[in-house]
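Results of the structural survey
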Amino acid sequence: MKSVSIKNNNIYATDPETEGLIESFDLNMAPPMEEPMRQFYYIAKVRKYVDELANKLGRRPRACSVAFGCQMNARDSEKILGILKAVGYEEWESEDAEFVIYNTCTVRDNADQRVYGRIGYAGGLKKANPNMKIAVCGCMMQENTAIEKIKKSYRQVDLIFGTHNLYKFAELLATMFESDRMVIDIWKEGTDIVEDLPVSRKYAFKSGVNITFGCNNFCTYCIVPYVRGRERSRNPREILREVEKLAADGVKEVMLLGQNVNSYGTGLPDDERISFAELIREVAHVEGIKRVRFMTPHPKDLSDELIQVIKEEPVIARHIHLPLQSGSSEILRRMNRKYTKEAYLDLALKIRRELPDCAITTDIIVGFPGETAGDVDDTLDVISKVAFDNAFTFIYSKRSGTPAANMEDQVPEDVVKEQFNRVLSLVQETARTRSTLWQDMDAEVLVEGVNEQDDSLMTGRMSNNMLVHFPASSDMIGSFVKVHLDECKGFYYMGHIVE
Ligand code: SAH
Ligand code: SF4
Ligand code: F3S
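Below: a short report on this structure. Please read these numbers as outputs of a predicted model, since none were measured by experiment.

A few points about the environment of S400
In this structure, S400 sits in the loop between β14 (390-395) and α14 (413-435). By relative accessible area, which is 59% here, S400 ends up exposed. Separated by 305 residues in sequence, S400 and E95 have C-alpha atoms that sit 31 Å apart. With near-sequence residues (within four places) excluded, S400 lies in contact with I223 and A405.

What follows is the structure in structure tokens.
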């Protein structure tokens, strides 16, 4: 986490306009009721507590923000870090810090287990650092069982909040500093979307942009609709304003984020409503934006209009992540996915025809209740017909509260493992074959960072989301270069810059 979005000399890293508002408050007055002004008031208030701590320590207190889960959570953690810096913390990579916050994911059980492990670890550090505060937020905190477990077994935690009240983080920090007990604030549902709070981006050159929050699809295996609430769309003008601001700040690539981006627009007033295809076209036209990605479209809603817009707008990345989940129409029906094997194949093959250089990647779940070897054969059939460029394969994880958790015929672990391996080896094979297609071509590449193994090489990402490593210097990070793809190494390339 190197870069800060707003480059100026104030230690809080807020932009001048926000800074003016924060400094304008008389803290003897009651906090304003409207947002985001209320949070700016609390930022001013929390600065006093952080200053006191800084005086005690003889240096600025440090804050470490850890995100688990999807891009949505990663983006939320940038908002969290934005507030932490605005109140005067210094960003810190490790949990050896005065404030540690875990933004949790609960999509599968192993995500939950990782979180408990880390809270335990932070508790150990807190014993040696009495100034340390520990906070836990995000999807897992929307579940009662998780809250009960933390209350009982992880008393070292100072602050817990959920997904719906993240915008009140500054206010919650004030409560935490004024309380000597564990502060817990969880809301059942989301309210209006609050704009214009500080954000501290992980990358200077690329950024996620929320377009919808929540999900209305209720796939029967999935916990997300319960922990993220009903689907709400952000106003298109606010989205474009944010993208323009990001572009002015040097961002070249944006990723539009939502659990089902194609249903963008539902819930907006009639005179503001536009389709996802219209929105992405407008985003692609924002000056300075060189690449636009999106995550995740739902196969049931992916329109011809969208395929056409991608075709016409070279700025939109040649990559569609199109979660399959299962290739069996019967399993899909019981998953409540609202498409059949045939409908998925028609769509994926249409994309292959219309956008031949577009990568199609997917998510697959193995071991959904009642899944037979025959159902997995159908999944394998779809994999070989579409020839996915990449796929994430997950073992079904029972989430309590979801309809699938109560279904009969939960598949035994050893059977799941065996079927999982069949799926995994076929997706690896198709991904390898698809990867070789770009051999000896030139690709537009966004240079993202220094190669992890060899620092004379830079790593860049092609429009189709594949990585390529090539000799270059680190001042090229954040710029677009043309790279010749010399050698395919399975799932990535080695190359050299041609211009
Ligand atoms: N909204 C997106 C992503 C949701 S979560 C979509 O509809 O695809 C990301 C992935 O996690 C899903 O695509 C699914 O493959 C997987 N997933 C969700 N719930 C799961 C569960 N209970 N067990 C295993 N994998 C799950
Ligand atoms: Fe979960 Fe389905 Fe919503 Fe994706 S579309 S978040 S899988 S309920
Ligand atoms: Fe996990 Fe929440 Fe994302 S459950 S996958 S972090 S929406």
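What to know about the site of ligand 1
In the vicinity of ligand 1 there are 15 residues, among which R108, Q259, Q325, D363 and S397 approach most closely. A distance of 3.0 Å is found between an oxygen atom of ligand 1 and a side-chain nitrogen or oxygen belonging to R108. Within the side chain of Q259, a nitrogen or oxygen atom sits 2.8 Å from a nitrogen atom of ligand 1. In isolation ligand 1 exposes 540 Å². Once the protein is present, 90% of that is buried. Broken down by secondary-structure element, the contributors of at least two residues to the shell around ligand 1 are β13 (359-366) and β14. A breakdown of the residues in the shell around ligand 1 according to their chemical character gives seven nonpolar, four polar and four charged.

Let's talk about unusual backbone geometry
In this structure, P36 follows E35 across a cis peptide bond, with omega equal to 5 degrees. By the secondary structure assignment, P36 is in the loop between α1 (16-23) and α2 (37-57). The phi angle at D196 is positive, at roughly 75 degrees, despite the residue not being glycine. With respect to the helices, strands and loops of the structure, D196 is situated in the loop between β6 (183-185) and β7 (206-210). Even without being glycine, K338 reaches a positive phi, approximately 65 degrees. Assignment of secondary structure puts K338 in the loop between α11 (329-334) and α12 (341-354). Of the residues examined, K338 reaches a relative accessible area of 54% and is grouped as exposed.

Regarding the site of ligand 2
With respect to spatial proximity, the complete set of residues near ligand 2 consists of C215, N217, F218, C219, Y221, C222, V224, P225, Q259, H298 and R337. Each residue belonging to the shell around ligand 2 can be placed in one class, and the counts come to seven nonpolar, three polar and one charged.

Focus: the side chain of Q39
Locating Q39 in the fold gives a position in helix α2. You can call Q39 buried: its relative accessible area is 0%. Polar contacts involving the side chain of Q39 include one to the side chain of E171, which spans 3.1 Å. Every residue in contact with Q39, bar those within four places of it in the chain, is listed here: Y167, K168, F169, A170, E171 and L197.

A closer look at the packing of aromatic side chains
Under the criterion given, the structure shown has 17 aromatic pairs. Judged by centre distance (5.6 Å) and plane angle (55 degrees), the rings of Y203 and F205 are tilted. Relative to F368, the ring of Y221 lies with its centre 6.4 Å away and its plane at 90 degrees, an arrangement referred to as edge-to-face. Separated by 147 residues along the polypeptide, Y221 in the loop between β8 (212-213) and α7 (224-228) and F368 in the loop between β13 and α13 (373-386) bring together distant segments of the chain. For Y221, a relative accessible area of 10% corresponds to the buried category. Judged by relative accessible area, which is 0%, F368 ranks as buried. A connected cluster of aromatic rings, assembled from ring pairs, spans Y89, F99, F161 and F169. Here the guanidinium or amino end of R62 rests over the ring plane of W92, the centre of that ring lying 3.9 Å away. When the ring centre of F394 is taken as reference, the NZ or CZ atom of R108 above it lies at 3.8 Å.

Side note on the pattern of salt bridges
Scanning the model with the defined rule gives 39 salt bridges in all. Between K168 and E171 there is a salt bridge; the shortest N-O distance is 3.6 Å. Each member of the pair, K168 together with E171, is buried. Between E448 and K206 there is a salt bridge, with its nearest N and O atoms 3.2 Å apart. One end of the pair, E448, is in strand β15 (residues 442-450); the other, K206, is in strand β7, with 242 residues separating them in the sequence. With respect to burial, E448 and K206 carry one shared label: buried.

Overview of the pairing of strand β4 (residues 133-138)
A large share of β4 lies buried, amounting to five of its six residues. The parallel pair strand β3 (residues 99-104) and β4 is bridged by helix α4 (residues 109-128), and the resulting crossover is right-handed. Where β4 lies against strand β5 (residues 159-161), two bridges are found, and the strand directions are parallel. Bridge assignment links A135 to a residue of β5, and that residue is L159. A crossover connection joins β4 to the parallel β5 through helix α5 (residues 144-153); in handedness this β-α-β unit is right-handed.

Scoring rules and cut-offs
Residues numbered from 1 in each chain as written. Chains lettered and ligands numbered in written order. Predicted model: local features only at pLDDT ≥ 70, side-chain atom pairs only at ≥ 80, totals over all residues. Heavy atoms only, no water. Helix = DSSP H or I, 4+ residues; strand = E, 2+ residues; numbered from the N terminus. Buried < 20%, exposed > 50% of the residue type's maximum accessible area, 1.4 Å probe, protein only. Contact = heavy atoms within 4.5 Å. Near = heavy atom within 4 Å. Polar contact = N/O pair within 3.5 Å; in protein donor to acceptor, adjacent residues only side chain to side chain. Areas by Shrake-Rupley, 256 points an atom, 1.4 Å probe, with all protein chains shown as cover. Nonpolar A, V, L, I, M, F, W, Y, C, P; charged D, E, K, R; others polar. Phe/Tyr/Trp six-rings, centres within 6.5 Å; stacked < 30°, edge-to-face > 60°. Lys NZ or Arg CZ within 6 Å of the ring centre and 35° of its normal. Salt bridge = Lys/Arg side-chain N within 4 Å of Asp/Glu carboxyl O. Right-handed = clockwise from strand over helix to strand, strands pointing away. Pairing = 2+ DSSP bridges.

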